Amino acid sequence: MRRSKGLSLLEALVSLVIVALIATLLVQSLLQILAIRERILRVEAMSRETMLVEAWFRDSVIGLVAEMPGNPQRFAGDAEGWSGWSSMALMASGQRGISWRIVEQDGEPVLAFAVEGQSPRTLRRVGPGARFHYIDAAGSAHDRWPVEAVPQEALPRAVIFVDDETPSGTYWFAHVGAGPGLPQSIRFSEDVRLEPGI
């Protein structure tokens, strides 16, 4: 018997099944790659947002100024937030009264920023243990400001925001950039502990 030069029906079906399996694997791989890409873009956007909020926080602290003539507002802070006068206020020009606070929104703690005369703006979610600390010129950490032990200091030397309960942990240290009598460097005492009950 003479054999034809084309594919038999069985050979054609086997070839189609193999091609269909390969196509299915390729489509599944492509879908996985797209899902991974979406997750990476989401994490990148969250990181960018976090870095932007941290930069705003640092700028606000760097621009803090002590009491000025005609300005009754003085820097004051506790573990839940602080308010003061800054020359680098976010969303405002010139020297303005500002505040950074941890507030409740829809039952969750969030970090909010407000410029004097404007409504507060929610910047990001934080953990329930998020808090602020204030460093004096001697390098000691305090959970409120002003501190009775150092009444001559109108401004802390640095402000720290700590949120241990976020997945990667948040620790922002911002050095106050202006103020009368502020020393050039901070000397940290050996007993500085940034825990909830300093």
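Worth saying up front: this structure is predicted, and the values here are computed from it rather than measured.

Chemist: Tell me about helix 1 (residues 9-62), and name the residues and values.
Modeler: Note that an α-helix has 3.6 residues per turn; residues three or four places apart therefore point the same way. Between its first and last C-alpha, helix 1 extends 79 Å over 54 residues, near the 80 Å set by a 1.5 Å rise per residue. Along helix 1, the positions that sit buried rather than exposed are Val 53, Glu 54, Phe 57, Ser 60 and Val 61.

Chemist: Give a description of a nonpolar patch on the surface that names residues and reports values.
Modeler: On the surface, a cluster of nonpolar side chains totalling about 500 Å² of accessible area is made up of Leu 10, Val 14, Ile 18, Ile 22 and Leu 26. Take Leu 26: it is sitting in helix 1. Under the relative-accessibility criterion, Leu 26 is labelled exposed at 57%.

Chemist: Tell me about the side chain of Asp 136, and please be specific about residues and values.
Modeler: Within the secondary structure layout, Asp 136 lies in the loop between strand 7 (131-135) and strand 8 (141-142). At 2.8 Å, the side chain of Asp 136 and the side chain of His 142 are in polar contact.

Chemist: Tell me about the confidence of the model for the chain, and name the residues and values.
Modeler: Mean pLDDT over the chain: 82, with 81% of residues reaching 70 or higher. Counting interchain partners and residues more than four positions distant, the pLDDT-below-50 stretch residues 180-189 has 25 contacts.

Chemist: Which residues make up the environment of Val 162, and what values go with them?
Modeler: Mapped onto the elements of the fold, Val 162 is located in strand 9 (residues 158-163). Residue classification places Val 162 among the buried positions, given a relative accessible area of 2%. Separated by 36 residues in sequence, Val 162 and Val 126 place their C-alpha atoms 9.6 Å apart.

Rules behind the numbers
Residues numbered from 1 in each chain as written. Predicted model: local features only at pLDDT ≥ 70, side-chain atom pairs only at ≥ 80, totals over all residues. Heavy atoms only, no water. Helix = DSSP H or I, 4+ residues; strand = E, 2+ residues; numbered from the N terminus. Expected span 1.5 Å × (residues − 1). Buried < 20%, exposed > 50% of the residue type's maximum accessible area, 1.4 Å probe, protein only. Patch = residues over 30% accessible without salt bridge, like charges linked within 9 Å, V, L, I, M, F, W, Y side chains within 5 Å. Areas by Shrake-Rupley, 256 points an atom, 1.4 Å probe, with all protein chains shown as cover. Salt bridge = Lys/Arg side-chain N within 4 Å of Asp/Glu carboxyl O. Polar contact = N/O pair within 3.5 Å; in protein donor to acceptor, adjacent residues only side chain to side chain. pLDDT = per-residue confidence, 0-100. Contact = heavy atoms within 4.5 Å.

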